Amino acid sequence: MNLLEWLRKALVVWQGIFSFLLCIIFCSVLLSQDQSGRMVFHQVMVSTFFYPFKMVFSRFDVTFRIYHDNEELRRENVALRTENDFLTQSLRQVPRLREMERFRENVSLRLKPGRIIAEDASRLQLTWVLDLGKADSLDVNMPVITSRGLVGKISKCFEHYSFVQLFSDPAFKVSVQVNSSRARGMLQSEGPDQLVAQFPAGSDVRPGDTLITAGLGGVFPNGLQVGRVSSDISETEESNGDVTQFFQVRPFQPLNTVEEVFVLIKQDEWNLGETP
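Not measured: the values here are computed from a predicted model.

1. Considerations on a nonpolar patch on the surface
- A grouping of Ile117, Phe158 and Tyr161 is seen on the molecular surface, where their side chains present a nonpolar patch of about 260 Å² in accessible area.
- For Tyr161, the location among the structural elements is in the loop between strand E4 (150-157) and strand E5 (162-166).
- Since its relative accessible area comes to 36%, Tyr161 is described here as partly exposed.

2. Description of the pattern of salt bridges
- Enumeration according to the criterion identifies 1 salt bridge in this entry.
- Arg206 is paired through a salt bridge with Asp204; the nearest N and O atoms lie 2.5 Å apart.
- For Arg206, a relative accessible area of 51% corresponds to the exposed category.
- You can call Asp204 partly exposed: its relative accessible area is 35%.

3. Remarks on the packing of aromatic side chains
- Applying the stated criterion across every chain yields a total of 5 aromatic pairs.
- Between the aromatic rings of Phe158 and Tyr161, the centroid separation amounts to 4.9 Å while the plane-to-plane angle is 25°, which identifies the pairing as stacked.
- Consider the rings of Phe158 and Phe163, whose centres lie 5.9 Å apart with planes at 70°: the pair is edge-to-face.
- Residue classification places Phe163 among the partly exposed positions, given a relative accessible area of 26%.

4. Remarks on the environment of Gly215
- Relative to the helices and strands, Gly215 resides in the loop between strand E9 (210-213) and strand E10 (225-237).
- In sequence terms Gly215 and Ser175 are 40 residues apart; their C-alpha atoms lie 7.1 Å from each other.
- Dropping the residues within four chain positions of it, Gly215 is found in contact with Ser175, Phe220, Pro221 and Asn222.

Here is what the cut-offs are and how they apply
Residues numbered from 1 in each chain as written. Predicted model: local features only at pLDDT ≥ 70, side-chain atom pairs only at ≥ 80, totals over all residues. Heavy atoms only, no water. Patch = residues over 30% accessible without salt bridge, like charges linked within 9 Å, V, L, I, M, F, W, Y side chains within 5 Å. Areas by Shrake-Rupley, 256 points an atom, 1.4 Å probe, with all protein chains shown as cover. Salt bridge = Lys/Arg side-chain N within 4 Å of Asp/Glu carboxyl O. Helix = DSSP H or I, 4+ residues; strand = E, 2+ residues; numbered from the N terminus. Buried < 20%, exposed > 50% of the residue type's maximum accessible area, 1.4 Å probe, protein only. Phe/Tyr/Trp six-rings, centres within 6.5 Å; stacked < 30°, edge-to-face > 60°. Contact = heavy atoms within 4.5 Å.

Here you go:
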C-alpha cells in the first residue's frame, strides 16, 4: 500500500469520525440549551449551514409558482380569445338576421328560417345540408331562398335535416322570365358560377334585365328573384329550325357567402306579394 492510498483511506475514516463527533457536539449543545437558547441555535443553523439549501428550495418554489401562474394566464387568454371570436361572429350575424327579418315581413309566403350545417366540399358546390327536416314541415321540392334571391330547392328530406340542390348543379333547371318584358325561358348551370338562360330567338332580353321565376311547373312560385342578365353568349339553330338565344346570368345571391336561408313552405296557391 503506497502513501497516497493510505492517506485517502485515512481521510475517509477521519471524515466519518469527524462527522460523527460533530453530530454529537451539536446534539449535546442543543440538549443543554433552554427554550430561548434552542431558538437561537436554530436561527444560527438556518442562517449558516442550511442557508444554501433554503435558497435552492426557495428558488424552486418561486419558479414553480411562476410556471403555474403562466399556465393559468395562458388558459385564460385562450378562453378570452375564443369568447371574443364568438362575440365578433355574433355581431356580424346581426345585420344578416335583420335583413332576413325585413324580407320575411315583406312577403306573404310562409317562410321557415334555417341554417347551413354542411356543404358539398367540391369546387362545384352542388349540395347543402340544412338543420330543418320533416319535423319542421319541410318536404321535397320546396324552394330555398335568401333575402336576395333563389339558391335552390329541397332534394332530400329527413326527420331533422334535409339536402338542398343548388342552382350550381347542372341538373338543376328552373323556368324564368324577364321582369320587364315578361319573356320566358329556362335557366340552368354550365359550371361553377356560370348560369345560362335559354330564350327563343327574338325574345326581348337585354343585358341588365332582371330574371325572376316564371312559376311554371309548380315547384317555384312566380316572382322569386334569380339574377341579372350580364351578356349575350350565342345563338343556336336547332334541328326543327328554331333559333335559341343563350345569355349569361349573374345570380343575385352568391352561394359562397350564404349562412342562413329561408325554405318556402308550399301552399295550395303561391302568393308572393311584394318582394324587395
